[in-house]
Amino acid sequence: MQTLKGQFISSLLMVLSLLSAQQARAELIATTGDAKITYLEPLRNGISELSLVWPIDRPTKDRVAALRAGLASVVSGGTSSRSSYKIAEYRQLKGIKHFVETSRHSLMLTVSAPNEVFPETIIHLENLLLEPEYSDGWYARELQHSSSIKSTRTRRPEDVLKEVAHFLEYEPGDAVAEVGDGEFRFGRPIQAILRSGDQEVERRTLRLVNKLPRPKGKWELPFARWADALFGANEEDFTLPKGVIHFADPDSTEMLILFVKAEKFADETEQIGTNVLVDYIGANQGSEMFRIIRQEMRAAYDPRSDFVVMGKKKAIISLSATVEAVRWPEVYEKIRDIYQSVRSGKIEQEGLGIQFSQLDRAYYRDFFTEPVWGARQYLHEYPEGTDGTIEIPLFGVFQSLSLEETAANSNELLPPLEDFLLILIGGGSSPSDILPTKGYCSLPKSTPLRFCLDVLSKAENL
């Protein structure tokens, strides 16, 4: 009996030492300070949400991909008491969803669930973060998924814009140095954003945040670097090169035409004004691109414009269409004509009003129904949190914007099309035979867009 007891104790000590060694090897992502906890107005669809935000001290592409994959592995893997299969079954039964998001300096985990199960969801989240059994296989799959080259394969505008966004936000890094062995622990966040209204949920959230570990030593250098960049001591560049990127696919019968521009705005009124003009050009079925390129020319199934908000008073503007390869020069010219026409003030006020109303409704709908969207808007405005009254100026613009003035100022609100980068992916005639060759890059096969973005950027800076 004594022998069995001794063997049990020895085994237990061995397991505990292995767990301690594993946690010691893992990199702790946490802040030494106190977390700012913000209570936003609850969602209006019976869902509660909690977003935990950690700072990214080295925002390189590989570092961010590793952190995303590590966090996804923690929340989807097992714990000391539950297997990953049991956790997936539990999440499906309870309606729990996890979202891992990043901006340049922040990593955000958002957990949402129906109001009635959210108190136990917080306890479940606590177990995931404090007792993870890290899954190397899961981490490898997540990292591969986030690192794979997609846009030249899929020719989808959203995949191209994702690569462009990564170029704007992150520097290239050394994959080996930045990723390491991929083991992370996620401790004390710098912010917690709660949308619930339930006092029990608030109590459990406070307990969760206080339980999460902090670094044992001082974290002065990485935190200072993150804070300096975040709060303006080192203002990041937010520009794309001009010119043409071409990925030739001789076997393709289609060509993606995509214009893209990174734009900064003087204020929120300018941002919303530009947004509604871009929507008038190509968003929704009532837009000019839809009416002309799809309905009249029957040249593309889904011509579109995109206005992707990247941060406070920053956005990516894009116009795109996937067309029959032999017709791409014709459609390219038509997109230019539509844009120049709107920029010169040829705008139908009723159509502009419809686009404005749709944009207004989308902002309020997303803020009160989408778990991640509202937290992201808050972070754009308060990256370090706030103890005062919360105001998001973009929402106020919808009450004061003059559509007549917006149309009259379209030449100032919309940048010249010559300032856009043109990306062409697919078959058909080479753009080098049709367009000016200044600022031209032919993208090699199985190569990310960053290759040509770097080439064109360096050429502009010579």
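Some remarks on the state of the cysteines
Part 1 of the reasoning: All chains considered together, the criterion is met by 1 disulfide.
Part 2 of the reasoning: The side chain of C441 participates in a disulfide bridge whose partner is C452; the two sulfur atoms lie 2.1 Å from each other. Measuring handedness by torsion sign, the sulfur bridge of C441 and C452 sits at about -75 degrees and is left-handed. In this pair, C441 sits in strand β15 (residues 440–442) while C452 sits in helix α19 (residues 450–461), placing the two residues 11 residues apart along the sequence. Both residues of the pair, C441 and C452, belong to the buried class.

Brief notes about the environment of P303
Part 1 of the reasoning: Within the secondary structure layout, P303 lies in the loop between α12 (288–296) and β12 (304–311).
Part 2 of the reasoning: Take P303: its relative accessible area is 2%, and that puts it in the buried class.
Part 3 of the reasoning: As a C-alpha pair, P303 and V323 span 20 residues in sequence and 8.8 Å in three-dimensional space.
Part 4 of the reasoning: In this view, P303 contacts G282, M289, F290, I293, R294, S320 and A321; residues no more than four positions away in its chain are not counted.

Let's talk about empty space enclosed by the protein
Part 1 of the reasoning: For the coordinates displayed, the defined rule picks out 1 cavity of 30 Å³ or more.
Part 2 of the reasoning: The wall of the largest cavity is formed by E268, Q271, V309, G311, K312, K313, Q377, H380, E381, I392 and L394.
Part 3 of the reasoning: Counting only elements with at least two residues in the lining of the largest cavity, the list comes to α11 (268–282), β12 and α15 (371–381).
Part 4 of the reasoning: Broken down by element, the residue count for the lining of the largest cavity peaks at 3 residues, all from α15.
Part 5 of the reasoning: For the lining of the largest cavity, the residue count by class is 3 nonpolar, 4 polar and 4 charged.

Looking at helix α4 (residues 118–130)
Part 1 of the reasoning: With 13 residues, α4 extends 18 Å from end C-alpha to end C-alpha; this agrees with the ideal 18 Å at 1.5 Å per step.
Part 2 of the reasoning: Three or more residues of α4 are buried, namely F118, P119, T121, I122, H124, L125, E126, L128 and L129.

So, the sheet that holds strand β5 (residues 97–102)
Part 1 of the reasoning: The 5 strands lie next to each other as β2-β9-β3-β6-β5, forming an open sheet whose pairing is mixed. With partners counted over all chains shown, the strands left at the sheet margins are β2 (36–39) and β5, one partner each. Across this sheet, the average inter-strand angle for adjacent strands is 15 degrees, counted without regard to direction.
Part 2 of the reasoning: Bridge analysis of β2 against strand β9 (residues 191–195) gives 4 bridges, and the strand direction is parallel. Paired with Y39 across the bridge in β9 is L194.
Part 3 of the reasoning: Sheet strands in contact with α15 are β2, β3 (47–55), β5, β6 (106–114) and β9, and its direction is about 145 degrees off that of β6.

Details of unusual backbone geometry
Part 1 of the reasoning: A positive phi angle is found at R155, which is not glycine, with a value near 60 degrees.
Part 2 of the reasoning: By the element assignment, R155 lies in the loop between α6 (151–154) and α7 (157–169).
Part 3 of the reasoning: In this structure, K313 is a non-glycine residue whose phi angle is positive, near 60 degrees.
Part 4 of the reasoning: Note on placement: K313 falls in the loop between β12 and β13 (314–324).

Brief notes about the pattern of salt bridges
A side chain with one charge may pair with a side chain of the opposite charge, provided their charged atoms come close.
Part 1 of the reasoning: Under the criterion given, the structure shown has 27 salt bridges.
Part 2 of the reasoning: We note a salt bridge from D57 to R58, for which the minimum N-O separation is 3.3 Å.
Part 3 of the reasoning: Of the charged contacts in the structure, one is a salt bridge between R155 and D249, with a shortest N-O distance of 3.6 Å. Taken together, the positions of R155 in the loop between α6 and α7 and D249 in the loop between β10 (243–248) and β11 (254–264) put the pair 94 residues apart, joining distant regions of the chain.
Part 4 of the reasoning: Through salt bridges that share partners, R156, E158, D159, R304 and D306 make up one connected network.

Quick notes on the sheet that holds β12
Part 1 of the reasoning: The strand order across the open sheet formed by 6 strands is β12-β13-β11-β14-β10-β15, and the pairing between neighbours is mixed. Strands with a single pairing partner mark the edges of an open sheet, and in this sheet they are β12 and β15. Recorded for the sheet is a direction-independent mean angle of 15 degrees between the axes of neighbouring strands.
Part 2 of the reasoning: The pairing of β11 with strand β14 (residues 421–426) spans 6 bridges and is antiparallel. Counted as the bridge partner of L258 is I423 from β14.

Some details on the side chain of S287
Part 1 of the reasoning: Here S287 shows up in the loop between α11 and α12.
Part 2 of the reasoning: Reaching out from S287, the side chain makes a polar contact with the backbone nitrogen of F290 at a distance of 3.3 Å.
Part 3 of the reasoning: For S287, the contacting residues outside a window of four places in its chain are D279, Y280, I281, G282 and Q355.

Remarks on α11
Part 1 of the reasoning: Relative to the 21 Å expected for 15 residues at 1.5 Å per residue, α11 spans 21 Å between its end C-alpha atoms, a close match to the ideal helical length.
Part 2 of the reasoning: α11 sits mainly inside the fold: 13 of its 15 residues count as buried.
Part 3 of the reasoning: At the N-terminal end of α11, a side-chain oxygen is found 3.2 Å from the backbone nitrogen of T269, two or three residues along, and the residue is D267.
Part 4 of the reasoning: Positive phi shows up at N284, right after α11, with a value of about 70 degrees.

Regarding the pairing of β9
Part 1 of the reasoning: Within β9, 5 of the 5 residues are buried, leaving the element largely enclosed by the surrounding structure.
Part 2 of the reasoning: Judged by which residues are buried, β9 turns out to be covered on both faces: Q191, I193 and R195 on one side and A192 and L194 on the other are all buried.
Part 3 of the reasoning: Note that β3 and β9 share 5 bridges and pair antiparallel. Within β9, the residue paired with L52 across the bridge is A192.

Observations concerning the pairing of β6
Part 1 of the reasoning: The element β6 is extensively covered by neighbouring structure, given that 9 of its 9 residues are classed as buried.
Part 2 of the reasoning: In this structure, β3 lies alongside β6, joined through 9 bridges in antiparallel fashion. Within β6, the residue paired with S48 across the bridge is A113.
Part 3 of the reasoning: As paired elements, β5 and β6 share 6 bridges and run antiparallel to each other. If you follow T102 over to β6, its bridge partner there is L107.

Thresholds, definitions, all that
Residues numbered from 1 in each chain as written. Predicted model: local features only at pLDDT ≥ 70, side-chain atom pairs only at ≥ 80, totals over all residues. Heavy atoms only, no water. Disulfide = S-S within 2.5 Å. Helix = DSSP H or I, 4+ residues; strand = E, 2+ residues; numbered from the N terminus. Buried < 20%, exposed > 50% of the residue type's maximum accessible area, 1.4 Å probe, protein only. Contact = heavy atoms within 4.5 Å. 1 Å grid on protein atoms, 1.4 Å probe; cavity = no way out; pocket = protein on both sides within 12 Å on 5 of 7 lines; lining within 4 Å. Points joined across faces, edges and corners; volume = space filled by probe spheres on them. Nonpolar A, V, L, I, M, F, W, Y, C, P; charged D, E, K, R; others polar. Expected span 1.5 Å × (residues − 1). Pairing = 2+ DSSP bridges. Axes fitted to C-alpha atoms, helices over the stretch in contact; angles between N-to-C directions. Salt bridge = Lys/Arg side-chain N within 4 Å of Asp/Glu carboxyl O. Polar contact = N/O pair within 3.5 Å; in protein donor to acceptor, adjacent residues only side chain to side chain.

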